[in-house]
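Descriptive structure summary
Spelled out from the first residue to the last, the chains are:
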Amino acid sequence: MKSMYFLGFFVLGTFAATAAGCGGDDEGGGGSGGEGGAGSTTTSSATTGAVTGSTSTGSGEVDDGNDSRDEAEPIQPGNNGIEGTLEPPEEDVDYYSFTGTKGEAVYILTDAKPSDDERDPTYPDTVITLFDAEGNQLAQNDDSAPGFVNDSELVTVLPADGEYFIAVQECNAVYPEGCGDPADIVSFDYSLWFLPVDPAESETDSLIGDTEPNDDSEHAVQLHYALNNDESGYFTTFAFGNFASATDVDVYSFTPPETPAVDHEILAQLSVAMPTGIEGNGSTVDVSEIAVFASTDLTNAYAKVDPSKGGDIALPVEAGQEYFVFVKRPAGEVGKNDFYILLNSRASSDPLEAQEETNGVVETPEGDLVSFQNGGGGVSYAIEGQIADGETADVDIYAVPLDDVEEGWTFSVICEGQRNGSGVRELSAEVLNGDGTPIDTATHSATETEDEDLYVQRVAIPAGSADNRLLVKVSAGTPAADVTSRGYNCLFAYLPPQTN
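The following refers to the structure shown. (Residues numbered from 1 in each chain as written. Predicted model: local features only at pLDDT ≥ 70, side-chain atom pairs only at ≥ 80, totals over all residues. Heavy atoms only, no water.)

**Concerning the sheet that holds strand E7 (residues 126-131)**
Taking strand neighbours across the sheet as the criterion, the five strands line up as E3-E5-E10-E7-E8 in an open arrangement whose pairing is mixed. The open sheet is flanked by strand E3 (73-74) and strand E8 (137-141), the only strands paired with a single partner. (Pairing = 2+ DSSP bridges. Helix = DSSP H or I, 4+ residues; strand = E, 2+ residues; numbered from the N terminus.)

Here is the structure:
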């Protein structure tokens, strides 16, 4: 019915992940992200409700015989998809059981939505919950790609030997609010897969196991690059790690391949599967730091980020250059299941800043930006820039044309530097009139912090803007002394008025 979307397909022991570009939401592909969720028919609540069995005796109830853990249907690893029905969707729950072992990685996914519309409100919005033998909730997933896909998928690592239970429900049966109207659902069926994950099965695919000791660069575990089916790029690599102690540090290495060619620069993306905890992937610890070092300089980090605050690495790297990745946990006691899933992918960067020598003043802003249609029905522009070190603080000014903009449209700016692992700090952007005069600093500017992206959200475009354009002035504060990269990524987006 659809492609398994969480991070891609599960094919012959390899997660064939879709490349997680910097964009991909309603602001459009490329850039640092977007407003997200525009036009979504269902948005799941962030608060988990209790899992309950079906108690309705209405005419719509379907007795499928697995509405409690005592009636759970056994499910075997590697199944071809078990068919189920959630009716009535606001009450029904289906239980499945399996036997697992401590440290075993498993991939559980559902498919209810049609492949041509992954948010179709006439199909169930599934939720997966994993329980141990005593009925304690261990992990949960609602939307595998929030804002884009309502089918649920869960990758987790089992904490102990024993019996486990999977509960499948419709969003309305789990969350008290924030789901679509169950009255809209006319098809109640779904499929469930339970797939084993064996990181040790191959030494060349994109599933990697954390092999101790790997606490330094000499014992780093190599992150492989496996070509995708049409050899146009590489699958995302999944590294399943575990913090063996409160002071454990895990080290990996990667060397970006030169081919196939990319449009601009090779972008290295490193992130951890979040969130953790019983409402996430089930891990009992957050990763507190991912630091990347070039093999030529193990003293100063090229990139560094705190994933627990929402950051991930997304910076240009050199083909053929070896890099080391240090993964650290926060201070504290060892938990019952302190695992993490590190993702590494090779992608193409957005168009590169090309006029560094002249784009520092409003008289000569950098223009000729490449436009593309965004998912919100407007037009976007993306840039991969650098805040260069020097005696004079670097400023980059971009001219964003108004040629394709209609009356009533708004303008947004989303930028990331520190939150992409860069040494740039206090990255700021201000939207100016086409002649460089300020519009309204309070509404038309923003600054990135370690916890929040730089986001100028849907601001008004002044009537008769000078030179039929807007300018965006990008600057920063004092850079981090222990991180050498100075890159940032910005997305500029014109959007039509929002509709309900």
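**Side note on the packing of aromatic side chains**
This structure, assessed with the given rule, holds ten aromatic pairs. Ring centres of Phe411 and Tyr494 lie 4.7 Å apart, and the angle between their planes is 40 degrees; on these two criteria the pair is classed as tilted. Highlighted residues: Phe411 in strand E25 (residues 410-416) and Tyr494 in strand E30 (residues 487-495), separated in sequence by 83 residues. When its relative accessible area of 0% is taken as the criterion, Tyr494 is described as buried. Here a set of aromatic residues connected by ring pairs shows up, and it is made of Phe98, Tyr164 and Phe194. (Phe/Tyr/Trp six-rings, centres within 6.5 Å; stacked < 30°, edge-to-face > 60°. Buried < 20%, exposed > 50% of the residue type's maximum accessible area, 1.4 Å probe, protein only.)

**A closer look at the pairing of strand E11 (residues 189-197)**
A regular strand places its side chains on the two faces of the sheet in alternate fashion. With seven of its nine residues buried, E11 lies for the most part within the structure. As paired strands, strand E4 (residues 82-85) and E11 are joined by four bridges and run antiparallel to one another. Its bridge partner being in E11, Ile82 is matched across the sheet by Leu192. By the bridge criterion, seven bridges tie strand E6 (residues 105-111) to E11 in an arrangement that is antiparallel. Its bridge partner being in E11, Leu109 is matched across the sheet by Trp193.

**Section: the state of the cysteines**
For the coordinates displayed, the defined rule picks out two disulfides. Two residues share a disulfide in this structure: Cys171 and Cys179, whose sulfurs sit 1.9 Å from each other. Between Cys171 and Cys179, the S-S dihedral sits near -65 degrees, and the bridge is therefore left-handed. Across the pair, Cys179 and Cys171 agree in class, each one buried. For the protein, the bonded cysteines pair up as 1-2, 3-4 when numbered in the order they occur along the sequence. (Disulfide = S-S within 2.5 Å.)

**Examining the nonpolar core**
Soluble globular proteins tend to bury their nonpolar side chains together. Counting residues in hydrophobic clusters, the biggest one holds 29 residues, and the most contacted among them are Phe411, Val413, Phe492 and Tyr494. If one sorts the elements of this core by residue count, E30 sits on top with four residues. If near-sequence neighbours (up to four positions away) are discounted, Phe411 is found in contact with Val400, Val431, Val456, Gln457, Arg458, Val459, Ile461, Leu470, Val472, Phe492, Ala493 and Tyr494. In this structure, Ala239, Phe243, Val305 and Tyr340 belong to the second largest nonpolar core, which totals 28 residues. (Core = buried A, V, L, I, M, F, W, Y, C linked by side-chain atoms within 4.5 Å. Contact = heavy atoms within 4.5 Å.)

**Regarding the side chain of Asp151**
When you line up the elements, Asp151 lands in the loop between E8 and strand E9 (153-157). Asp151 gets classed as buried once you look at its relative accessible area, which sits at 0%. At 3.2 Å, the side chain of Asp151 and the backbone nitrogen of Lys113 are in polar contact. (Polar contact = N/O pair within 3.5 Å; in protein donor to acceptor, adjacent residues only side chain to side chain.)

**Some words on a negative patch on the surface**
The grouping of Glu212, Asp215, Asp216 and Glu218 at the surface amounts to a negative patch. Position of Glu218 among the secondary structure elements: in the loop between strand E12 (207-209) and strand E13 (221-222). Accessibility expressed as a relative area gives 71% for Glu218, which makes it exposed. (Patch = residues over 30% accessible without salt bridge, like charges linked within 9 Å, V, L, I, M, F, W, Y side chains within 5 Å. Areas by Shrake-Rupley, 256 points an atom, 1.4 Å probe, with all protein chains shown as cover. Salt bridge = Lys/Arg side-chain N within 4 Å of Asp/Glu carboxyl O. Lys, Arg positive; Asp, Glu negative; His and termini not counted. Charge placed at Lys NZ, Arg CZ, Asp CG, Glu CD.)

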